[in-house]
Amino acid sequence: MSIRNSHWLTGILALCLWSCGNAQGVPPPAIALNQVGFYPGASKIAIVTGATSTDLFYVVSAAPSAALPSSLHRDTVFSGHLGAPISSANSSLSTRLADLSDVKSEGVYYIAIPGRENSYTFRIGRHVLAPVPVAALKGYYYQRSAMALAPEYAGIWSRPAGHPDTAVLIHSSAATTERPEGTIISAAGGWYDAGDYNKYIVNSGISMGILLSAYEDFPGYFDTLRTNIPPIASPHTRTLTPESAVPGRSTSTASAGRSASSSVPDILNEALYNLRWMLTMQDPNDGGVYNKCTNANFDGMVMPGVTKAPRYVVQKGTAATLDFAAVMAQAGRILKKFRRPLPGLADTCLRAAAGAWQWALRNPSLAFDQAAMNRVSQPVINTGGYGDGNFTDEWFWAAAELMISSPGDQYETVVRKYIDTRMRLPTWADVQMMGNYSLLRCRRSLPGSWEPAIRSLQQRLLQTADGYMEGIKASAFHTPMGGNRRDFVWGSNGVAASQGMLLVNAWRQNGDKKYLAAALDNLDYVLGRNATGYCFITGMGTHSPMHIHHRPSVADGIVPPVPGLLAGGSNPGRQDHQQYPFIEPETAYIDNDRAYASNEIAINWNAPLVYLAAAITALENEIER
């Protein structure tokens with residue numbers, strides 16, 4: 001057993017003993033902080049929970065040096081006073097802030113408070129957060145379907161390929177004259193959506209949009225980022241037939257990318273693996289897009305290569321088709337830069353986007369209602385629904401991306417119709433903000449007539465960001481996350497990352513560093529400055545989840561879970577009906593692989609984490625000034 005695992009077991013035992021005698025269900029006293037580390041010139045905050053017998057805290061070197069000032073204890077580099085007690089609005093916790101920002105020397109440290117257990121160690125140094133975006137992006141590689149994960153890339157988490165999806169059945173709900181029920185198609189590749197083994201267009205849509213946005217906003221950073229993933233390749237080699245070809249796609253286009261030079265950045269290399277799968281989900285006969293590629297029922301907690309159940313593509317839907325159109329339009333403009341290593345792929349994406357848009361015009365409000373589908377179609381499908389009955393946000397996002405990539409009056413009309421809709425953090429069910437981000441990012445490519453609308457959009461985005469800045473005042477952990485109890489939902493860590501992404505976008509509008517500081521606060525939250533004391537990214541920090549709801553991590557027989565995956569986070573809804581030790585909004589989390597409501601992983605939560613962590617890494621010099 002590793003030291004890390006021994007530490008975890010000790011912590012769980014202490015937690016159980018505390019809970020048994022604690023009527024309020026409040027976690028034991030702790031010192032919560034970013035367990036990965038801090039930049040020398042940036043803010044450094046820890047949060048002390050529970051009562052303390054002193055107002056003092058000490059920053060102690062984990063590697064004492066005789067060079068430290070003689071006025072201090074041999075290994076103490078800083079002492080400070082704790083802030084006034086704050087009663088949390090999201091639990092029964094009382095907290096005090098420890099500001100150690102004056103510690104700027106590089107090294108490894110911990111915080112000590114007399115009578116209390118020391119904090120986890122942390123590092124201060126240049127580039128200290130660089131491993132976070134690398135791990136979060138590499139997490140997608142471990143989610144690849146239909147590809148064996150080789151030891152040279154996956155390490156101890158190598159595994160055989162699972163779910164080849166080269167012989168997927170057309171479900172009765174998706175049957176057409178050209179593709180009757182039972183028709184066999186290929187829908188190979190792509191990412192497993194979450195802890196399960198199915199692949200969903202709607203959730204892939206927002207995940208892809210965020211990753212592509214990260215590249216558009218920080219191309220210089222991503223052009224040199226390496227994550228040790230395989231060279232670009234399709235999940236399998238196949239010969240195109242009229243049945244498998246997208247309208248307007250040439251055979252040379254579809255085969256492009258089976259081998260490509262290393263000039264394609266890793267973030268796009270990874271995104272391409274899912275992009276090519278998404279292309280297989282478009283019906284070449286009409287341009288519509290199937291909602292998902294799935295089993296009839298969820299697989300058990302087994303490795304992907306074990307399951308042999310039939311796979312289906314199910315009913316097309318307006319939300320899936322418009323999400324697809326948005327992603328393909330965005331990908332098309334980005335991939336124009338890579339015509340040599342990926343010949344024709346940009347054009348393929350733009351044609352696919354246009355075809356999806358035309359299908360949506362013919363089917364403007366076709367909701368995917370799985371319960372209704374199951375009443376008339378067989379076999380019954382019981383996997384994730386991602387049902388959505390409001391399509392104004394999908395229309396706006398798709399129209400915005402298409403207008404930027406392939407200008408046209410039909411797209412402009414839709415953008416102008418919906419551009420004033422209230423701003424909200426993007427989720428799989430509400431992608432309006434994705435269109436806002438792209439319009440602001442690409443404003444210089446738009447006609448001058450758009451400038452008044454873009455200025456208004458910019459102002460509303462800044463007002464929204466200011467609202468999250470105000471939330472810091474209400475948070476006992478001094479983060480935008482937790483400024484409102486509604487932050488603690490299924491996937492609350494994705495909410496924290498999405499708030500950080502919004503704040504980075506606010507900084508991009510006016511250069512005010514208060515937004516970057518607040519975004520960094522939310523990254524600190526994810527990395528341990530929260531009421532649970534967990535660094536929520538697997539394999540990072542000292543105290544991270546060991547039992548995520550993730551089939552490969554449960555079934556592979558390896559003690560550490562697959563790394564780089566963001567656990568869902570505190571969720572008082574507890575829809576998994578497991579026994580949680582604490583149930584208040586910010587403490588309702590348990591590291592249990594059955595607790596899917598708080599401990600599952602998902603591609604749509606990792607995506608804003610990639611964006612936020614990459615931005616904080618790329619902008620290190622800005623943050624340090």
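This text follows the structure it describes.
Basis of the calculations
Residues numbered from 1 in each chain as written. Predicted model: local features only at pLDDT ≥ 70, side-chain atom pairs only at ≥ 80, totals over all residues. Heavy atoms only, no water. Pairing = 2+ DSSP bridges. Helix = DSSP H or I, 4+ residues; strand = E, 2+ residues; numbered from the N terminus. Phe/Tyr/Trp six-rings, centres within 6.5 Å; stacked < 30°, edge-to-face > 60°. Buried < 20%, exposed > 50% of the residue type's maximum accessible area, 1.4 Å probe, protein only. Lys NZ or Arg CZ within 6 Å of the ring centre and 35° of its normal. Core = buried A, V, L, I, M, F, W, Y, C linked by side-chain atoms within 4.5 Å. Contact = heavy atoms within 4.5 Å. Axes fitted to C-alpha atoms, helices over the stretch in contact; angles between N-to-C directions. Parallel < 35°, antiparallel > 145°, perpendicular 65-115°, else oblique. Left-handed = near helix turned anticlockwise from the far one by under 90°. Nonpolar A, V, L, I, M, F, W, Y, C, P; charged D, E, K, R; others polar.

Q: Explain the sheet that holds strand β10 (residues 168-170) to me, please; I cannot follow it from the model alone.
A: Within a sheet, each strand pairs with its neighbour through backbone hydrogen bonds, oriented either parallel or antiparallel. Strand order in the open sheet made by the 5 strands is β11-β10-β14-β13-β12, with mixed pairing throughout. Looking at which strands have only one partner, the edges of the open sheet turn out to be β11 (184-185) and β12 (199-200). Judged from the 2 bridges that link them, β12 and strand β13 (residues 292-294) form a sheet pairing that is antiparallel. What sits directly across from lysine 199, in β13, is cysteine 293.

Q: Whenever I open this one, the packing of aromatic side chains confuses me. Can you help?
A: In this description, an aromatic ring pair is defined by two values, namely the gap between the centres and the angle between the planes. One pass over the full model with this rule turns up 19 aromatic pairs. Judged by centre distance (6.2 Å) and plane angle (80°), the rings of tyrosine 142 and tryptophan 157 are edge-to-face. Taken together, the positions of tyrosine 142 in the loop between α2 (131-141) and α3 (151-154) and tryptophan 157 in the loop between α3 and β10 put the pair 15 residues apart, joining distant regions of the chain. Given the relative accessible area of 19%, tryptophan 157 is considered buried. Ring centres of phenylalanine 218 and tyrosine 611 lie 5.9 Å apart, and the angle between their planes is 70°; this geometry places the pair in the edge-to-face category. Separated by 393 residues along the polypeptide, phenylalanine 218 in the loop between α4 (201-217) and α5 (219-223) and tyrosine 611 in helix α19 (residues 603-618) bring together distant segments of the chain. The burial state of phenylalanine 218 is the same as that of tyrosine 611; both residues are buried. Among the aromatic side chains, those forming a connected cluster through ring pairs are Tyr141, Tyr142, Tyr153 and Trp157. Looking at arginine 144, its charged tip hangs above the ring of tyrosine 273, at a distance of 4.6 Å from the centre.

Q: Before we go on, may I ask you to explain the nonpolar core in this structure?
A: Note that soluble globular proteins tend to have their nonpolar side chains buried in a common cluster. One finds Leu129, Phe222, Leu335 and Leu439 to be the most contacted residues of the largest nonpolar core, which totals 157 residues. With 12 residues, the single largest contributor to this core is helix α8 (residues 318-335). Excluding residues that lie within four positions of it along the chain, leucine 335 makes contacts with Leu272, Leu275, Leu342, Leu345, Ala346 and Cys349. Leu33, Val48, Phe122 and Ile124 belong to the second largest nonpolar core, which has 18 residues in total.

Q: Hey, could you run me through the packing of helix α14 (residues 451-474) against helix α15 (residues 492-510) in this one?
A: A pair of packed helices can be characterised by two numbers: the angle between their axes and the separation between those axes. Axis separation between α14 and α15 bottoms out at 9 Å; the angle between their running directions is 130°. The angle between the axes of α14 and α15 places the two elements in the oblique class. Seen along the crossing, α14 lies across α15 with a hand that is left-handed. Residue-level inspection shows Gln458, Leu461, Leu462, Thr464, Ala465, Tyr468 and Met469 of α14 in contact with α15, the latter providing Gln499, Leu502, Leu503, Asn505, Ala506, Gln509 and Asn510.

Q: Help me out: how do you make sense of the pairing of strand β4 (residues 56-61) in this one?
A: Sheet analysis places β4 next to strand β5 (residues 76-81), joined by 5 bridges and oriented antiparallel. The residue bridging tyrosine 58 from the neighbouring strand is serine 79, located in β5. In terms of strand pairing, β4 meets strand β8 (residues 107-112) through 4 bridges, oriented antiparallel. If you follow serine 61 over to β8, its bridge partner there is tyrosine 109.

Q: Any chance you could explain the packing of helix α9 (residues 345-362) against helix α11 (residues 392-405) here in plain terms?
A: Following both chains from N to C, one finds α9 and α11 inclined at 140°, their axes separated by 11 Å at the closest point. Classified by the angle between their axes, α9 and α11 sit oblique to one another. Of the two possible hands of crossing, α9 and α11 adopt the one that is left-handed. Here Leu350, Ala353, Ala354, Trp357, Ala360 and Leu361 of α9 come into contact with α11, specifically with Trp395, Ala398, Ala399, Leu402 and Ser405. Of the residues belonging to the contact of α9 with α11, the class tally is 10 nonpolar, 1 polar and no charged.

Q: Help me out: how do you make sense of α2 in this one?
A: Because the α-helix completes a turn every 3.6 residues, residues three or four places apart line up on one side. Counting buried residues along α2, 9 of its 11 residues qualify, which places the element largely inside the surrounding structure. Every buried residue of α2 is listed here: Val132, Pro133, Ala135, Ala136, Leu137, Lys138, Gly139, Tyr140 and Tyr141. In the core, the buried residues of α2 are packed alongside α3, α4, α5, α7 (266-280) and α19.

Q: Which parts of the structure should I look at to understand unusual backbone geometry?
A: Apart from glycine, the bulk of residues carry a negative phi angle, and the bulk of peptide bonds sit in the trans form. In this model, glutamine 378 is joined to proline 379 through a cis peptide bond whose omega is -10°. A positive phi angle, close to 65°, is found at alanine 146, a residue other than glycine. On the secondary structure map, alanine 146 appears in the loop between α2 and α3. Here alanine 146 falls in the buried class, since its relative accessible area comes to 14%. The phi dihedral of tyrosine 386 is positive, around 50°, even though this residue is not glycine. Relative to the elements of secondary structure, tyrosine 386 occurs in the loop between α10 (370-376) and α11. Of the residues examined, tyrosine 386 reaches a relative accessible area of 18% and is grouped as buried.

That is the geometry; function is a separate question.
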